[in-house]
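Analysis of the macromolecular model
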Amino acid sequence: MVTNVLRDFIDIPQVWERIDRVEERLFEVSTSDDPFLTEIAQHLLAAGGKRFRPVLSQLAAEFGPSRDDRLIEAGTAVELIHVGSLYHDDVIDGAETRRGTVSVNTKWGNAHAILAGDFLIARASELAAISLGLDTVRLLARTYTELVVGQALELRLTGDLAHGPAEHYRVMGGKTASLIRTAARMGALAADAPSRYVEALSVATWELGMVFQITDDALDLVATDEQLGKPAGSDIHQGVYTLPVLRALEGPSGVRISALLAGGMPFAETTVAEVIDLVQEGGYIDEIIDECVNRLDVASEAIASLPDIDARSVLQEMGSFLVKRVRAASG
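Thresholds, definitions, all that
By convention here, each chain's residues receive numbers from 1 onward along its written sequence. pLDDT decides what is reported in this predicted model: residues at 70 or higher carry local features, side-chain atom pairs at 80 or more are listed and counted, and totals for whole chains, interfaces and linings draw on all residues regardless. Excluding hydrogens and water, the side-chain values take into account all heavy atoms of the structure. Secondary structure elements are taken from DSSP: a helix is a run of H or I of four residues or more, a strand is a run of E of two residues or more, and numbering for both begins at the N terminus. Think of it in three bands: residues with accessible area under 20% of the maximum for their type are buried, residues over 50% are exposed, and the middle band is partly exposed, with areas taken using a 1.4 Å probe on protein chains only. What qualifies as a polar contact is a pair of N or O atoms within 3.5 Å, subject to a donor-acceptor requirement within protein and to the restriction that residues adjacent in sequence count only when both atoms come from side chains. For this analysis, residues touch if any pair of their heavy atoms sits within 4.5 Å. Axes here mean lines fitted to C-alpha atoms, for a helix over just the part in contact, with angles spanning 0 to 180 degrees between N-to-C directions. Here the angle decides the label: under 35 degrees means roughly parallel, over 145 means roughly antiparallel, 65 to 115 means roughly perpendicular, and every other value means oblique. A clockwise turn of the near helix away from the far one marks a right-handed crossing, whereas an anticlockwise turn of less than a right angle marks a left-handed crossing. Residues are grouped as follows: Ala, Val, Leu, Ile, Met, Phe, Trp, Tyr, Cys and Pro are nonpolar; Asp, Glu, Lys and Arg are charged; all remaining types, including Gly, are polar. Should a side-chain nitrogen of Lys or Arg be within 4 Å of a carboxyl oxygen of Asp or Glu, the pair is scored as a salt bridge.

The next point concerns the side chain of Thr143. Within the element layout of this structure, Thr143 appears in helix α8 (residues 134-157). For Thr143, a relative accessible area of 2% gives the class buried. Within the structure, the side chain of Thr143 is placed 2.7 Å from the backbone oxygen of Leu139, a separation counted as a polar contact. Polar side-chain contacts of Thr143 include one of 2.6 Å to the side chain of Thr182. Non-local contacts of Thr143, meaning those with residues more than four positions away in its chain, are made with Ser178, Leu179 and Thr182.

Moving on, we get to the packing of helix α2 (residues 13-29) against helix α4 (residues 52-61). Where α2 meets α4, the axes come as close as 10 Å, and the angle between the chain directions of the two elements is 135 degrees. Here α2 is positioned oblique relative to α4, judged by the angle of their axes. In the crossing of α2 with α4, the sense of the turn from one axis to the other is right-handed. Facing α2, whose interface residues are Val15, Trp16, Arg18, Ile19 and Val22, α4 presents Pro54, Val55, Gln58, Leu59 and Ala61. Grouping the amino acids of the contact of α2 with α4 by side-chain chemistry returns eight nonpolar, one polar and one charged.

The next thing to look at is the environment of Asp68. Take Asp68: it is sitting in the loop between α4 and α5 (70-93). The class of Asp68 is partly exposed, set by a relative accessible area of 33%. Separated by 123 residues in the primary sequence, Asp68 and Ala191 place their C-alpha atoms 7.8 Å from one another. Here Arg70 takes part through its backbone nitrogen, which lies 2.9 Å from a polar atom of the side chain of Asp68.

All told, the structure shown has 25 salt bridges when counted by the stated rule. Between Arg51 and Glu79 there is a salt bridge whose closest N-O contact spans 3.2 Å. With Arg51 in the loop between α3 (35-46) and α4 and Glu79 in helix α5, this residue pair connects regions lying 28 residues apart in the sequence. With respect to class, Arg51 is no different from Glu79; both count as buried. A salt bridge links Arg99 to Glu79, with the shortest nitrogen-to-oxygen separation between them at 3.9 Å. Separated by 20 residues along the polypeptide, Arg99 in the loop between β1 (97-98) and β2 (101-102) and Glu79 in helix α5 bring together distant segments of the chain. When salt bridges with common partners are traced through the structure, they connect Glu207, Arg247, Glu287, Glu291 and Arg295 into a single cluster.

Right, here's the structure in full:
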């Protein structure tokens, strides 16, 4: 779901007016006194991206009465946390590309990538402290803790064929759903939304966050390199076994998949291709799509308690949109 598609999907002009301001603010706050650090810190920002989290923050802000700069700062802070964590992820994964361009760690080295990620995360904390209040500072800190715990668990499970879906749910919750929920919560809090709306948005966007990651994992198995902006099957190549693969390991094709992956990394392209074929032929992409639909039912129930405004309709449709992109890619 690239930003241009999001713009077509979300026909709420004031949301995009604020996102345009968030975009400007991202480059303002990622500017350092050191031009070299600025270049590195802004490398991935300039590459674009979904901006899914700040968009969610602005949608959530529609449920509150306030319309001041806190909304912009909330969207900016949450995206800085996200991008900073991507810099760290790419170092851990040894990723060579990100968002269709060379990764920071490949271009400048691991040390510079880590420092630039730290810089962006520190700037997010500074924004929150100055503009958004102590509760939001605590929220960001707690969320970043969840991100780190999720990443650490994923790292420990890398290449491990013995773990099942339960551990992967914990990884998805920590690495993805927690920040997506926080994005919405921050936007609602910045707009002074009533607490019952903040809580409903939190429930809904947790489920949307899980669906976002589940469908993203599925796309890695069914989409093309061009659609992904990175090599297809990259999760398997990195020894990260996502939900469809883990489900397949528990099924009739599990013995064959285990045999294919038992040799460890690096995997041959033919090995990864056969694993992907077995996952698809076993119906595991369809199975996780069904799970996403069930999660969206939970989200819809929470969203239904919100005021009947355009943002509520968008949130109701957003999960279906995520599922449709997988169905379209898988044919």
